[in-house]
Amino acid sequence: MLKLLHKIFNIEHLIITLLAIAFVAVVLLVAVNISFFNPFKRAIQNFSMVDVCYQVEQASQPADTSRLITIVDISDVTDRQKIALMVDSIRAAAPAVVAFDVIFDPTIGTDSVNMQLLESLSALPNSRYAFMMKEWDAEQHSYTVPYRSFFLFDEFELDGYVNTPESADGSTLRTFSVNRVFLGDTIESFPLKIASAYEPRLAGMRGDDRLIDFTPTHFPEVQWNEIGSHTDLLRDRIVIVGALHDLVDNHFTAIGRIAGVKIVAQSVQTLLENRHVRHASGFVSVLVALLIIYLTQLWQHSLVGFMKRRQGTFWIFACSSTTFTSLLTFVWVCLLTFLNFVVFRIYGLSFDLLLTLASVAMVGEARGFYSALVNVLATKRGIGLFRKSIYYTPA
């Protein structure tokens, strides 16, 4: 038993584990500090295992139809008179909440048409509106100008912001905020405004940004001029009005590029169903990473020792072939990815394993480097300590 424990907890396994991490750290340091590696740097920063988990779900299970939210598509209509008639049709369908993921530009439309639209909107018993925060002030650490629909002026009682900073630099949109500070006041996001209008207990919620739950979900879609034929899809539900085919309001997400109105819908459903997906803490992530890389070194070391003791032709080939070990390492990486997915599904917890898996791939190189170093120091330098190493091979 003591001999087995000594083999498992040999300090040299830990040294090789740390060497593998160091090799990856050096590569990343080069990628971060040399300008022509910027595409690699952005790719690394923009990678998340959450995306892998949701992609697996999208490919492996059918989408569940939302029982809470319906989207009304207004991609091909800009005439405010037609929009006013659409609003009247929506009101007649008796939805629980009507949310407008569209900003009615104050500079567009005649007074009479705008008044008709305003009358239709005012008749809605429970409505919410989107607005944008603009003009960032670095000194105040705040946006300073609200871009709102023409009929909104005072307190942010009916409207919530829809800013998505991640999309400005092409990053993947994975989170939504619950609230932000705007010129000294805490204001609520558009998804929270919608969710709290449907479920009042959520009003005034505060907290950190939330991961959007992209579990496969189909939101019923109704065209703006076909509402009368689909009132059953609007009654007692949250109706979000927006453009499903607007190329500007389109964002990269964990499940690919989708319309902004769908992201709003996913965010609202995340809040209402209390789907609290989260990343593992930094401390836990480091411990898990060390454990995985250590186990990789342990099984690879044991496998190499096993193959060297075999006499068959296959084992002689396998011992001298890096392809065999690389194939097993690939299977190991797939298994780790699957286990991460299982933990994600059961506990809603995600480990970002990119750097861990990169270190796993470097374990063989780290072991080869360490073995060579041990033999040089033991043979060429005559350092007796290294002759006790499990990697020392007498000449």
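J.: Would you mind showing me how to read the overall build of the protein chain here?
T.: Assigned secondary structure in the protein chain consists of twelve helices and 17 strands. In terms of overall size, the protein chain is more extended than a compact globule, its C-alpha atoms giving a radius of gyration of 29 Å where 395 residues would be expected to give roughly 21 Å. A principal-axis box enclosing the C-alpha atoms of the protein chain has dimensions of 95 × 50 × 35 Å. A burial count over the protein chain gives 42% of its 395 residues as buried. At a minimum sequence separation of 6, the contacts of the protein chain that also span at least 24 residues come to 77%. Averaging the locations of the 32 positively and 36 negatively charged side chains of the protein chain gives two centres separated by 20 Å.

J.: Help me understand unusual backbone geometry in this model?
T.: Leave glycine aside and you will find that most residues have negative phi; peptide bonds, for their part, are mostly trans. At His141, a position not held by glycine, the phi torsion is positive, near 55 degrees. Although it is not a glycine, Leu183 adopts a positive phi angle of roughly 50 degrees. Its location among the elements puts Leu183 in the loop between strand E8 (179-182) and strand E9 (185-188).

J.: Is there a simple way to think about helix H7 (residues 190-198) in this case?
T.: The periodicity of an α-helix, 3.6 residues per turn, causes residues three or four places apart in sequence to face the same way. Of all nine residues that make up H7, eight are buried, and the element is covered over most of its length. Listed as buried for H7 are Phe190, Pro191, Leu192, Lys193, Ile194, Ala195, Ser196 and Ala197.

J.: It is not clear to me how the packing of helix H9 (residues 282-309) against helix H11 (residues 322-347) should be interpreted in this structure. Could you clarify?
T.: Any two packed helices are characterised by how steeply their axes cross, that is the angle between the axes, and by the distance between the axes. Direction vectors running N to C along H9 and H11 enclose 145 degrees, while the axes themselves pass 12 Å from each other. Pair H9 / H11 crosses with right-handed handedness. Taking contact as the criterion, the partners of Ile292, Leu295, Thr296, Trp299, Gln300, Leu303 and Met307 in H9 are, on H11, Phe324, Thr325, Leu328, Thr329, Trp332 and Leu336. Counted by class, the contact of H9 with H11 contains nine nonpolar, four polar and no charged residues.

J.: Mind showing me how you'd approach the environment of Phe131 here?
T.: By the secondary structure assignment, Phe131 is in strand E4 (residues 127-137). Residues Phe131 and Asp101, spaced 30 residues apart in sequence, show a C-alpha to C-alpha distance of 8.3 Å.

J.: How do you make sense of the nonpolar core when you look at a structure like this?
T.: In globular proteins that are soluble, nonpolar side chains generally tend to be buried together. Ranked by internal contacts, the top residues of the largest apolar core, which has 38 residues, are Tyr54, Ile69, Ile194, Ile238, Ile240, Val268 and Leu272. At the level of secondary structure, the elements contributing two or more residues to this core comprise helix H4 (49-60), strand E2 (69-73), strand E3 (97-100), H7, strand E13 (238-242), strand E15 (256-259), helix H8 (260-272) and H11. Ranked by residues supplied to this core, first place goes to H8 with seven residues. Look past the residues within four positions of Leu272 in its chain and what remains in contact with it is Leu68, Ala195, Tyr198, Glu199, Arg201, Leu202 and Ile238. Counting residues in each nonpolar core, the second largest holds 25 residues, with Leu121, Leu124, Phe151 and Val239 among its members.

J.: Any chance you could explain the environment of Thr110 here in plain terms?
T.: Along the chain, the position of Thr110 falls in the loop between E3 and helix H6 (111-122). For the pair Thr110 and Arg80, spaced 30 residues apart in sequence, the C-alpha to C-alpha distance is 9.4 Å. A distance of 3.3 Å separates polar atoms of two side chains, one belonging to Thr110 and the other to Ser112. Of the polar contacts made by the side chain of Thr110, one reaches the backbone nitrogen of Val113; its length is 3.3 Å.

The rules behind each value
- Residues numbered from 1 in each chain as written.
- Predicted model: local features only at pLDDT ≥ 70, side-chain atom pairs only at ≥ 80, totals over all residues.
- Heavy atoms only, no water.
- Helix = DSSP H or I, 4+ residues; strand = E, 2+ residues; numbered from the N terminus.
- Rg over C-alpha atoms; globule rule 2.2 N^0.38 Å.
- Buried < 20%, exposed > 50% of the residue type's maximum accessible area, 1.4 Å probe, protein only.
- Contact = heavy atoms within 4.5 Å.
- Lys, Arg positive; Asp, Glu negative; His and termini not counted.
- Charge placed at Lys NZ, Arg CZ, Asp CG, Glu CD.
- Axes fitted to C-alpha atoms, helices over the stretch in contact; angles between N-to-C directions.
- Left-handed = near helix turned anticlockwise from the far one by under 90°.
- Nonpolar A, V, L, I, M, F, W, Y, C, P; charged D, E, K, R; others polar.
- Core = buried A, V, L, I, M, F, W, Y, C linked by side-chain atoms within 4.5 Å.
- Polar contact = N/O pair within 3.5 Å; in protein donor to acceptor, adjacent residues only side chain to side chain.

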